[in-house]
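# Examination of the molecular architecture
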Amino acid sequence: MTVSLPGLAVSLLLVGVAAGVSLAWRLGLELSILWAAFRALVQLLLVGGVLVLLLAPERSLWWSWLWVAGMIAYAGWTARQRAPEVPRLLPIASVSFLAASAVTMLVIFGLGVMPLSSRTLVPIAGLIIGNAMTATVLVGRRLIEELRDKRAEVEARLALGQPSSQASRIYLRAALRSALTPQIETTKATGLVFLPGAMTGLILAGVDPVSAVLVQAVVMFLVLAAAATTTTVVSLGVVRRLFTPDHRLVVPARTAS
């Protein structure tokens, strides 16, 4: 199945529906919706052009690895922009994306679940890093909020002689639970409540539904593992930034909205 340029143009009416809802309810999001749609379209076209080059049969796999490295760097920068209240999030997020990619790709490619090629590496890396970025922002923000709101409790634990790792553990667990719960709920609802993008795309492309289901299952497990790995690395890294070597809590002040 293919979509023609006229078909793509007609589909922009759906963006108009979203903008119309914002206009009708005076949400003030019309320009944001139009800009988001335009930016997404441009980015997808650019990425599509790059993928044509990366997926060429004679192209070295090293170019795909270089593209993955670029995705990790850009995702770290984006996470930092989305959660500016989290101190030094860029290096922490980048390390977490690298860890999530290493863990999941070792299982998928190292154990032969999928063959390693540009056609599998680039899309899988995009899924891993994209979902890991969302989890990074969630856990970073929630951890800052937890420690800021419960500062008196944390300092009381520290005053009783608990090290920072122990004094912050209960709040770290709450942040991890908050960041992982959406992905867990999505995983539980897959197939019955909604058909995910990977499975839908494969079916629309003419792939056998059972094969599409198997691919989607692998993708869901990938995303779940990536989110768990990322949130763990980020939460531990952020906690280290929020406590001094002598175990004093240093939480950034709440910014005025």
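This one's a predicted model, so the numbers in the text were calculated from it and none came from an experiment.

Time to look at the packing of helix H5 (residues 118-149) against helix H10 (residues 209-242). Two packed helices can be described by the angle between their axes and the distance between those axes. Look at H5 against H10: their axes get within 7 Å of each other, and the N-to-C directions meet at 40°. In terms of crossing hand, the pair formed by H5 and H10 is right-handed. Listed contacts from H10 to Ile124, Leu127, Ile128, Asn131, Ala132, Ala135, Thr136, Val139, Leu143, Ile144 and Leu147 of H5 are Val219, Leu222, Val223, Ala226, Ala227, Thr230, Thr231, Val234, Ser235, Val238, Val239 and Leu242. Of the residues belonging to the contact of H5 with H10, the class tally is 18 nonpolar, five polar and no charged.

Among the structural elements, Arg39 can be located in helix H2 (residues 30-54). A sequence separation of 36 residues divides Arg39 from Val3, and the C-alpha atoms of the two residues are 19 Å apart.

Moving on: the UniProt feature "transmembrane region" (unreviewed entry) in the chain. What UniProt calls "transmembrane region" (unreviewed entry) maps, in this numbering, to residues 6-25, 32-55, 61-77, 89-114, 120-140, 189-207 and 213-239. Measuring from the first to the last C-alpha atom of residues 32-55 gives 33 Å, for a span that is 96% helix and 0% strand. Counted over residues 61-77, helix gives 100% and strand 0%. Its end C-alpha atoms are 25 Å apart.

Let us now look at the nonpolar core. Ranked by internal contacts, the top residues of the largest apolar core, which has 46 residues, are Phe97, Leu147, Val154, Val238, Phe243 and Leu249. Every element with two or more residues in this core is listed here: helix H3 (61-82), helix H4 (89-108), H5, helix H6 (151-159), helix H8 (169-189) and H10. Of all the elements, H5 adds the most residues to this core, at 12 residues. Aside from chain neighbours lying at most four places away, what touches Val238 is Val86, Ile92, Leu143 and Ile144.

Basis of the calculations
- Residues numbered from 1 in each chain as written.
- Predicted model: local features only at pLDDT ≥ 70, side-chain atom pairs only at ≥ 80, totals over all residues.
- Heavy atoms only, no water.
- Axes fitted to C-alpha atoms, helices over the stretch in contact; angles between N-to-C directions.
- Helix = DSSP H or I, 4+ residues; strand = E, 2+ residues; numbered from the N terminus.
- Left-handed = near helix turned anticlockwise from the far one by under 90°.
- Contact = heavy atoms within 4.5 Å.
- Nonpolar A, V, L, I, M, F, W, Y, C, P; charged D, E, K, R; others polar.
- UniProt positions renumbered as here; feature names shortened; annotations may be inferred.
- Core = buried A, V, L, I, M, F, W, Y, C linked by side-chain atoms within 4.5 Å.
- Buried < 20%, exposed > 50% of the residue type's maximum accessible area, 1.4 Å probe, protein only.

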